[in-house]
Amino acid sequence: MREFKRTDRVADQLQQELAVLIQREIKDPRLGMVTVSAVKVSRDLGYADIYITLLGENDAARIDENLKVLRHARGFLRSQIANRVKLRHVPELRFHYDESVVRGQRLSSLIDEAVADDRRRHDDDDAEDEVR
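Described in the following lines is the structure provided in the data block.

Rules behind the numbers
Residues numbered from 1 in each chain as written. Predicted model: local features only at pLDDT ≥ 70, side-chain atom pairs only at ≥ 80, totals over all residues. Heavy atoms only, no water. Helix = DSSP H or I, 4+ residues; strand = E, 2+ residues; numbered from the N terminus. Rg over C-alpha atoms; globule rule 2.2 N^0.38 Å. Buried < 20%, exposed > 50% of the residue type's maximum accessible area, 1.4 Å probe, protein only. Contact = heavy atoms within 4.5 Å. Areas by Shrake-Rupley, 256 points an atom, 1.4 Å probe, with all protein chains shown as cover. Lys, Arg positive; Asp, Glu negative; His and termini not counted. Charge placed at Lys NZ, Arg CZ, Asp CG, Glu CD. Salt bridge = Lys/Arg side-chain N within 4 Å of Asp/Glu carboxyl O. Core = buried A, V, L, I, M, F, W, Y, C linked by side-chain atoms within 4.5 Å. Polar contact = N/O pair within 3.5 Å; in protein donor to acceptor, adjacent residues only side chain to side chain. Pairing = 2+ DSSP bridges. Arc of directions from axis to C-beta.

Examining the overall build of the protein
Tallying secondary structure elements over the protein gives four helices and three strands in all. Each helix and strand of the protein, ordered N terminal to C terminal, gives the series α-β-β-α-α-β-α. Computed over its C-alpha atoms, the radius of gyration of the protein comes to 22 Å, more than 25% above the 14 Å expected for a compact globule of 132 residues. Burial analysis of the protein (132 residues in total) assigns 30% to the buried set. Sequence separation of at least 24 residues holds for 62% of the intrachain contacts in the protein that already meet a minimum separation of 6. Counting only carbon and sulfur atoms, one obtains 47% of the accessible surface of the protein, whose full area is about 9,600 Å². In the protein, which carries 24 positive and 26 negative side-chain charges, the distance between the mean positions of the two groups comes to 15 Å.

Put into structure tokens, the structure is as follows:
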């Protein structure tokens, strides 16, 4: 069995190319600092789901605006990919917002809060034991 599937290799190549293209070629001022966090390609290579994150922006309106810009530029991006990557058929690009980073940050802050709260309780218990 192969170590890597073709769809995985195509997804990795698309992720690299899209990251560069979005950063350097799209000149829309509405577009923020977009990071391509993942690309998943369908088995028939017909579709590529591109997951993006925005640095420092979690506002739903800004996320929607950035997705609209990218969806509007998908034809341009697809043509640029066709010039850079050797594929018979370039997959149709579908952009999605990747909430996993925001969710991870929220969970991390909740864990930090719980640990700090536990430490305070432990310190309070130790102080009560010393008073007795």
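Some thoughts on the pattern of salt bridges
Where charged atoms from two side chains of opposite charge approach closely, those side chains can pair. Scanning the entire structure with this criterion turns up seven salt bridges. In this structure, Asp28 engages Arg30 in a salt bridge whose closest nitrogen and oxygen atoms are separated by 2.7 Å. The exposure class of Arg30 is partly exposed, given its relative accessible area of 40%. The closest approach of N and O atoms between Arg94 and Asp49, which form a salt bridge, is 2.9 Å. Of this pair, Arg94 sits in strand S3 (residues 92-97) while Asp49 sits in strand S2 (residues 47-54), and the two are 45 residues apart along the sequence. Overall, Arg94 belongs to the partly exposed group, its relative accessible area being 32%. For Asp49, a relative accessible area of 16% translates into the label buried. One network of salt bridges, in which partners are shared, links Asp117, Arg120 and Arg121.

Thoughts on the nonpolar core
Ranked by internal contacts, the top residues of the largest apolar core, which has 30 residues, are Ile22, Ile50 and Phe95. Elements with a contribution of two residues or more to this core: helix H1 (6-24), strand S1 (34-41), S2, helix H2 (60-72), helix H3 (74-84) and S3. Looking at this core element by element, the count peaks at six residues for H1. Discounting chain neighbours no more than four positions away, the residues touching Ile22 are Leu31, Val34, Val36, Leu70, Leu77 and Phe95.

Side note on the side chain of Asp49
Polar side-chain contacts of Asp49 include one of 2.9 Å to the side chain of Arg94. Those residues within four positions of Asp49 in sequence are excluded, and the remaining contacts are Ala38, Val39, Lys40, Arg94 and His96.

Here we look at the pairing of S2
For S2, the tally of buried residues reaches six of eight residues, placing the bulk of the element in the interior. Where S1 hands over to S2, the hairpin turn is made up of five residues, of which Leu45 adopts a positive phi near 60 degrees. When S2 meets S3, the two strands line up parallel, connected through six bridges. Within S3, the position partnered with Ala48 by the bridge is Leu93.

A short note on H3
Every buried residue of H3 is accounted for by Leu77, Gln80 and Ile81. End-on, the buried residues of H3 take up no more than an arc of 100 degrees, which puts them together on one face.

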